[in-house]
Amino acid sequence: MRLAVVGTGAIGTYLLDGIAAGNAGPIDVVALADLPARSEELARLAARVGASWHTDSLAVLESTPDVVVEAASPGVVREYAGRWLAGGANVLTMSVGALTDPGLLADLAAAADRANRHVLVPSGAVGGLDVLRAARIGGLDTVELRTTKPPRALRGAPYLAAHRIDVDAFHGPTVVFDGPATEAVVGFPANLNVVAALSLAGIGPERTRVVLVADPTGERNIHEVTARGAFGELSLRLENRPTPGNPKTSLLAPLSALALLRRFSEPIQVGS
């Protein structure tokens, strides 16, 4: 499989290392792209993996990738994902929060349908998506995500700035947000891609409730998912270590992307 990676920060680099180690199956990395300011690092990475490199994200299509992996930002998803699809590539997005925009989601679904390609959404830092997808068919009533993170993982979030919340002033676990997924992913774009994935698998972002807790006494990112429906009840808790070099993202997020890529070459597919 021919692969392009757009975004070569901590997540993109981790994915490239995992691919080089064979953790994503037989993959040929053919192109990399990032901002002009990262040209030096980009050239170094490209030489290491034997790929072309670009500061124009659309130019990766010149290398005819089967899949473009977006590891950059929601803005890159909005600007380029539709054009990658039209150019003949499947798109795997790490900035899943962008897909909570119903207009963008509809546009990408239509673009993927026209091109006979797919938008691929990894599970990220949470589990249970297979349960939610199956339960939705029979009738799913509620889905809630309670996420607990250390303050350093939340610094800089737009919601905190808008409400003048200083997470470094807390002495114990404190709820900093309680509301629908549609608001959570806007207020905490670097932290809650997981709820976007849950929303897409379950009852949608308008009906998915998010509770976000800042805990200065904790070191791990904790996600607790509860759901109820005709199937019964789901209760799932994950304590995630952060990705090396990026405390805002759980290590399970890039690992889930590697696992999704690996499915392309696996003769036996496990999970619905």
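What counts as what
- Residues numbered from 1 in each chain as written.
- Predicted model: local features only at pLDDT ≥ 70, side-chain atom pairs only at ≥ 80, totals over all residues.
- Heavy atoms only, no water.
- Pairing = 2+ DSSP bridges.
- Helix = DSSP H or I, 4+ residues; strand = E, 2+ residues; numbered from the N terminus.
- 1 Å grid on protein atoms, 1.4 Å probe; cavity = no way out; pocket = protein on both sides within 12 Å on 5 of 7 lines; lining within 4 Å.
- Points joined across faces, edges and corners; volume = space filled by probe spheres on them.
- Nonpolar A, V, L, I, M, F, W, Y, C, P; charged D, E, K, R; others polar.
- Axes fitted to C-alpha atoms, helices over the stretch in contact; angles between N-to-C directions.
- Parallel < 35°, antiparallel > 145°, perpendicular 65-115°, else oblique.
- Left-handed = near helix turned anticlockwise from the far one by under 90°.
- Contact = heavy atoms within 4.5 Å.
- Polar contact = N/O pair within 3.5 Å; in protein donor to acceptor, adjacent residues only side chain to side chain.

Caption draft 1: Representation of the sheet that holds strand E1 (residues 2–6) within the structure. Spatial strand order, E3-E2-E1-E4-E5-E6: six strands in an open sheet with parallel pairing. Here the strands that pair on one side only, and so sit at the sheet edges, are strand E3 (52–54) and strand E6 (119–120). Across three bridges, the pairing between strand E2 (residues 28–33) and E3 is parallel. Paired with Leu 32 across the bridge in E3 is Trp 53.

Caption draft 2: Region of the structure containing unusual backbone geometry. Its identity is not glycine, yet Asn 116 carries a phi of approximately 55°, on the positive side. Following the sequence through the fold, Asn 116 ends up in the loop between helix H4 (102–115) and E6.

Caption draft 3: Seen up close, the layout of surface pockets. Computed from the structure, the largest pocket encloses a volume of approximately 970 Å³. Forming the walls of the largest pocket are 29 residues, and the residues nearest its centre are Val 121, Ser 123, Arg 133, Leu 260 and Ser 272. At the level of elements, H4, E6, helix H5 (129–138), helix H8 (193–201) and helix H9 (252–263) are the ones that each hand at least two residues to the lining of the largest pocket. When the residues that make up the lining of the largest pocket are grouped by side-chain class, the tally is 18 nonpolar, six polar and five charged. Roughly 540 Å³ of internal volume is contained in the second largest pocket. Taken together, 29 residues form the lining of the second largest pocket, with Ile 11, Met 94, Ala 190, Asn 193 and Thr 249 sitting closest to its centre. Secondary structure elements with two or more residues in the lining of the second largest pocket: helix H1 (10–20), H8 and strand E13 (246–250).

Caption draft 4: Region of interest: the packing of helix H3 (residues 74–86) against H4. For the pair H3 and H4, the least separation of the axes is 8 Å and the interaxial angle reads 15°. In terms of axis orientation, H3 runs roughly parallel to H4. Of the two elements, H3 crosses H4, and the hand of that crossing is left-handed. Judged by residue contacts, Val 77, Arg 78, Ala 81, Gly 82, Leu 85 and Ala 86 of H3 engage Leu 104, Leu 108, Ala 111, Ala 112 and Ala 115 from H4. For the contact of H3 with H4, a count of residues per class yields nine nonpolar, one polar and one charged.

Caption draft 5: Broad picture of the side chain of Asp 215. Secondary-structure assignment places Asp 215 in the loop between strand E9 (209–214) and strand E10 (221–229). Engagement of the side chain of Asp 215 in a polar contact is seen with the side chain of Thr 217, the distance being 2.5 Å. If we skip the residues at most four places from it in the chain, Asp 215 touches Thr 148, Lys 149, Pro 150, Pro 151, Gly 172 and Pro 173.

Caption draft 6: The packing of H5 against H8, seen in detail. Look at H5 against H8: their axes get within 8 Å of each other, and the N-to-C directions meet at 30°. Considered as vectors, H5 and H8 are oriented roughly parallel to each other. Here H5 contributes Leu 129, Leu 132, Arg 133 and Arg 136 to the contact with H8, which in turn contributes Ala 197, Leu 198, Leu 200 and Ala 201. Along the lines of polarity and charge, the residues of the contact of H5 with H8 split into six nonpolar, no polar and two charged.

Caption draft 7: Focus on the sheet that holds strand E11 (residues 232–240). Within the open sheet, the five strands sit side by side as E8-E9-E7-E10-E11. Their pairing is mixed. In the strand order of this sheet, the two ends are held by strand E8 (174–180) and E11, each with one partner. Averaged over all pairs of adjacent strands, the angle between their axes in this sheet comes to 10°, without regard to strand direction. With six bridges connecting them, E8 and E9 associate as antiparallel partners. Residue Gly 179 lies in a different strand from E9, and its bridge partner there is Val 210. Of the strands in this sheet, strand E7 (140–149), E10 and E11 touch H5, which is tilted by about 160° from E7. Together, E7, E9 and E10 form the strand contacts of H8, whose direction differs from that of E7 by roughly 170°.

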